Amino acid sequence: MKQSDPIHDEYFGPDRVTVIEPPKRWHTLDIRELWAYRELFGVLTVRDIKVRYKQTVLGVAWAVLQPITMMIVFTVIFGRLAKLPSDQFPYPVFIFAALLPWNFFAQATGTASGSLVGAGQLLSKVYFPRLIIPLSSIGAGLVDAAISTVILLLLITYYGVPLTINILAAPLLFVAVIFTALGFGTILAALTVAYRDFRFVVPFMIQIWLYCTPVVYALSLIPDRWHWVLALNPMAGIVEGFRAAFLGKPFDLAMLSISIFVSIVIFVIAIAYFYKVERRFADVI
Amino acid sequence: MTRPAVKAEDLGKEYVVGGAEQMYSSFREMISGIATTPIRKFRKLRGEVGEDEKFWALKDVSFEAKPGEVIGIVGRNGAGKSTLLKLLSRITSPTQGRIEIAGRLSSLLEVGMGFHPELTGRENIYLNGTILGMKQSEIREKFDDIVSFAGIETFLDTPVKRYSSGMYVRLAFSVAGHLEPDILLVDEVLAVGDVEFQKRCLGKMKDVALEGRTVLFVSHNLNALSALCDNGMYIDQGRLRATGSINEIVDKYISSTSQSVNHWQAPPDREVRLINIDAIRLLGNDGREEKHIRYDKGGCLEIGYDSKLSGNRFTIAVRIMDGYGNTILTSWDTDSNSSEKPGRGLLRCYIPPNLLRPGNYVASVLAQELTLNRARLVDEVSVSLEVMSVGWPMQPGRVGIITPILKWEPAHEGTK
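Residues numbered from 1 in each chain as written. Chains lettered and ligands numbered in written order. Predicted model: local features only at pLDDT ≥ 70, side-chain atom pairs only at ≥ 80, totals over all residues. Heavy atoms only, no water.

Asks: Is there a simple way to explain the overall build of chain A in this structure?
Replies: On a plain count of helices and strands, chain A comes out with 13 helices and one strand. Taking 19 Å as the expected radius of gyration for a compact globule of 285 residues, we find that chain A reaches 21 Å, a close match to that expectation. A principal-axis box enclosing the C-alpha atoms of chain A has dimensions of 65 × 45 × 35 Å. Taken across its 285 residues, chain A has 53% of its residues classed as buried. The long-range share in chain A, meaning contacts at least 24 apart out of those at least 6 apart in sequence, stands at 79%. As displayed, chain A offers around 13500 Å² of accessible surface, 70% of which is attributable to carbon and sulfur atoms. Each charge class in chain A can be summarised by its mean position, and for the 22 positive and 17 negative side chains these summaries are 7 Å apart. (Helix = DSSP H or I, 4+ residues; strand = E, 2+ residues; numbered from the N terminus. Rg over C-alpha atoms; globule rule 2.2 N^0.38 Å. Buried < 20%, exposed > 50% of the residue type's maximum accessible area, 1.4 Å probe, protein only. Contact = heavy atoms within 4.5 Å. Areas by Shrake-Rupley, 256 points an atom, 1.4 Å probe, with all protein chains shown as cover. Lys, Arg positive; Asp, Glu negative; His and termini not counted. Charge placed at Lys NZ, Arg CZ, Asp CG, Glu CD.)

Asks: Help me understand the domain arrangement of chain B, please; the structure alone is not making it clear to me.
Replies: The parts lose accessible area when they come together, and the size of an interface is often stated as this lost area. All names here are of chain B. Segmentation of chain B into domains returns domain 1 (6–257) and domain 2 (263–388). Of the roughly 450 Å² buried where domain 1 meets domain 2, counting both sides, 52% is carbon and sulfur surface. In this assembly, domain 1 and domain 2 are joined by zero salt bridges. Linking domain 1 to domain 2 there are zero residue pairs in polar contact (both at pLDDT 80 or more). Every element with two or more residues in the side of domain 1 that touches domain 2 is listed here: helix H7 (222–228) and helix H8 (246–257). Among the residues making up the side of domain 1 that touches domain 2, the classes are represented as three nonpolar, four polar and no charged. (Domains from an automatic or database assignment. Buried area = accessible area lost by both parts, 1.4 Å probe. Salt bridge = Lys/Arg side-chain N within 4 Å of Asp/Glu carboxyl O. Polar contact = N/O pair within 3.5 Å; in protein donor to acceptor, adjacent residues only side chain to side chain. Nonpolar A, V, L, I, M, F, W, Y, C, P; charged D, E, K, R; others polar.)

Asks: Would you mind going over unusual backbone geometry with me for this structure?
Replies: Negative phi characterises most residues that are not glycine, and trans characterises most peptide bonds. Residues and elements named next belong to chain B. A positive phi is found at Asp-60, a non-glycine position, where the angle reads about 50°. Under the relative-accessibility criterion, Asp-60 is labelled partly exposed at 39%. For Gln-237, which is not glycine, the phi dihedral falls at a positive 45°. Relative to the elements of secondary structure, Gln-237 occurs in the loop between strand E8 (231–236) and strand E9 (239–245).

Asks: Got a minute to help me understand the side chain of Thr149(A) in this structure?
Replies: Residues and elements named next belong to chain A. Here Thr-149 lies in helix H7 (residues 132–158). Here Thr-149 falls in the buried class, since its relative accessible area comes to 15%. Ignoring sequence-local partners within four residues, the contact set of Thr-149 consists of Leu-100, Phe-174 and Phe-246.

Asks: Please clarify how the interface of chain A and chain B should be interpreted in this entry.
Replies: Tallying the contact residues gives 40 residues for chain A and 47 residues for chain B. Carbon and sulfur atoms supply 56% of the area buried between chain A and chain B, which totals about 3900 Å² over both sides. Considering only the side of chain A, the residues that lose the most area to chain B are Ile20(A), Lys125(A) and Tyr195(A), jointly responsible for 17% of the buried surface there. A salt bridge links Lys50(A) to Glu123(B); the shortest N-O distance between them is 2.9 Å.

Asks: Just to check I follow, could you spell out the pattern of salt bridges for this structure?
Replies: Any two side chains of opposite charge can pair, on the condition that their charged atoms come close. Scanning the entire structure with this criterion turns up 22 salt bridges over all chains. Its salt-bridge partner being Arg273(B), residue Asp379(B) comes within 3.6 Å of it at the nearest N-O pair. Residue Asp379(B) is located in strand E18 (residues 375–388), and its partner Arg273(B) is located in the loop between strand E10 (264–265) and strand E11 (275–284); the two are separated by 106 residues in the primary sequence. The exposure class assigned to Arg273(B) is partly exposed, which follows from its relative accessible area of 24%. One salt-bridge network, in which partners are shared between bridges, spans Asp87(A), Glu240(A), Arg243(A) and Lys249(A).

Asks: Is there a simple way to explain the sheet that holds strand E5 (residues 105–108) of chain B in this structure?
Replies: The pairing of strands in a sheet happens through backbone hydrogen bonds and is either parallel or antiparallel. Residue and element names in this part refer to chain B. Reading across from one edge, E5-E6-E7-E3-E8-E9 is the order of the six strands in this open sheet, with mixed pairing throughout. Either end of the sheet is taken by a strand with one partner, and the two such strands are E5 and E9. The mean inter-strand angle of the sheet, taken between neighbouring strand axes irrespective of direction, is 15°. By the bridge criterion, four bridges tie E5 to strand E6 (residues 183–187) in an arrangement that is parallel. Looking at the pairing, Leu-108 lines up with Val-186 of E6. Along the sheet face, helix H2 (residues 81–88) touches strand E3 (70–74), E5, E6, strand E7 (214–218) and E8 and points at about 150° away from the line of E6. (Pairing = 2+ DSSP bridges. Axes fitted to C-alpha atoms, helices over the stretch in contact; angles between N-to-C directions.)

Asks: Could you clarify how one ought to interpret the packing of helix H3 (residues 38–52) of chain A against H7(A) in this entry?
Replies: For any two helices packed against each other, the geometry comes down to the angle between their axes and how far apart the axes lie. Residue and element names in this part refer to chain A. The contact between H3 and H7 brings their axes to 8 Å, and the two run at 50°. With respect to their mutual orientation, H3 and H7 come out oblique. Classified by chirality, the crossing of H7 by H3 is right-handed. The segment H3 lies against H7, with Leu-40, Phe-41, Leu-44, Thr-45, Asp-48, Ile-49 and Arg-52 engaging Ile-132, Ile-133, Leu-135, Ser-136, Ser-137, Gly-139, Ala-140, Gly-141, Val-143 and Asp-144. (Parallel < 35°, antiparallel > 145°, perpendicular 65-115°, else oblique. Left-handed = near helix turned anticlockwise from the far one by under 90°.)

Asks: Please clarify how the environment of Tyr350(B) should be interpreted in this entry.
Replies: Secondary-structure assignment places Tyr350(B) in strand E16 (residues 344–351). Here the alpha-carbon distance between Tyr350(B) and Leu184(B), two residues 166 residues apart in the chain, equals 46 Å.

Asks: Can you walk me through the packing of aromatic side chains in this structure?
Replies: Given two aromatic rings, one states the distance between the centres and the angle between the planes to describe the pair. Under the counting rule described, the total for this entry stands at 16 aromatic pairs over all chains. Ring centres of Phe242(A) and Phe246(A) lie 6.1 Å apart, and the angle between their planes is 10°; on these two criteria the pair is classed as stacked. Here the residue Phe242(A) and the residue Phe246(A) both occupy positions in helix H11 (residues 234–247), the gap between them amounting to four residues, near one helical turn. This pair shows no difference in class: Phe242(A) is buried, exactly as Phe246(A) is. Through pairs of rings, three or more aromatic residues link up here, namely Trp102(A), Phe105(A), Phe184(A) and Trp209(A). When the ring centre of Trp35(A) is taken as reference, the NZ or CZ atom of Arg38(A) above it lies at 4.4 Å. The ring of Tyr15(B) carries Lys13(B) above its face, with NZ or CZ at 5.2 Å from the centroid. (Phe/Tyr/Trp six-rings, centres within 6.5 Å; stacked < 30°, edge-to-face > 60°. Lys NZ or Arg CZ within 6 Å of the ring centre and 35° of its normal.)

What follows is the structure, given as structure tokens:
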């Protein structure tokens, strides 16, 4: 007996009547349709994960090696040589708590922005909600983030940093960083389809962005009155939030709220823009 | 009255064609041109262009397909057939008009959509099936059928990049063939795979049609269309020119293609090759230029060529194909011309009388360079060739691709 799935049947069942008309000017997020196509999201995400480490010698070990190597390099350069303050925490833990959300964001945004162009073949041959493509490349990044979380917890234990109640905020912060990546990822994916310039802009932009975010340095290096400016960069508030959650330092709620607000605004704009140009993708790619 | 499976009203699709890059006539113009280029490009990429850069790939197309109807779509390349399928499958959206589709629609615009070379056959079945709109549970149910239809049991866990192209296509088609849509769009997918597999696919498609599904089928293989479809649509220059029974439509299509050139002269700006075909004329058997040849008289093709190679290092060939795309014959100048031909000149290829069935053909003239072990195609030009039925013995039973008059004579017992 087949399980009944009303939303899937609504889109794929025999009683479905599809009406195709010239696109309207504005289109809202069609959550029901996305839900009907959730299995496609699943297989594409799994595909991205599987393919990423195929035919590599070390395989998934890369997901461990990459962040650890970055941590060591940053610790040596910024911690030992430049002697940047790390708010009294051991520098490796201090930096890794920030690298966790940052790496996820950088990788997810980077792959998502190229995802539509990369899937051009698919887009020009079959219909499905186009949003699935950038979404699934962001979904694939979550595996690496999960691995990094485990590493972070091990580091925290090794350096004897006590876990506090703050850790309970971590799931919420993960949601925040996912939404931020979704916002930037989708808007950059749509822009890259129309203007291939973004292929050059995005990696460069992410590099500079790293230095506009308190990842390798402590927020305390920036005078307090400028924190709100920094918070306009949604990753700044979120990275600091991660440090607060995992290292047990107090939350800067004002900063976190500004960042999350900016992140939501970007997400809304991104979805609106994405739908506006979605119908042209197949013609442009 | 039942609801039509597909109903299209006044369908139109406008595309923007990329305008040619501007030429600069002075240094000053070039400087200012380069400075404003990003702005112009930005406008173009946003889709803001002048009227002259737009064109209608499809316009004012209205039709209905009843449930269970199998419709063949014919038309020349670029006529708008693929655009129509793209609109129906929602890959691109119409500029005007409206389509209503009742039921689940699947499109096979290409086999192996979304196949990832690094993934195994098994993984790709799930991936491709889901992309085509199957549920995971559905794929699991049909998995064994899919694998056995494709005949790849032993290679299930091998990455598809190690598959032969035949295996790849078989697997892809097999997944697609196990879809159970109410409406199926098919675009020329049968042009791939080996002959035996093509036959199985045609069989599979027939099953689909017999099960009461609606099929829209685009193909250049008119034989396949006649065999599979009930009705047809003929699209030309973005317009729906005719609808009707498939045989009517195929005839209309064939007769419309014959209006193209049967005399050809190389335009002055034609690219210069190692061997060039300069001109082709169709002559009657009396040596006069003709628009067609008679069945009972035959005629000849006069070919003007110009080659940088010496006469024994290249050949000129004539290949005749019928309107269905079947090759009727191929003949080389070396068949009967033993003397070495000059590097440039005229050749005549005589088409014997009482051979070609009256109708429309395409005659391709091929210029081939002969290297040590093979012939390399250097130039090819096609003209249309019409054989008039004058003098054709019109017995209804005279079927066959060619209709030659053969020599018969009584043989007496005892005579040698």
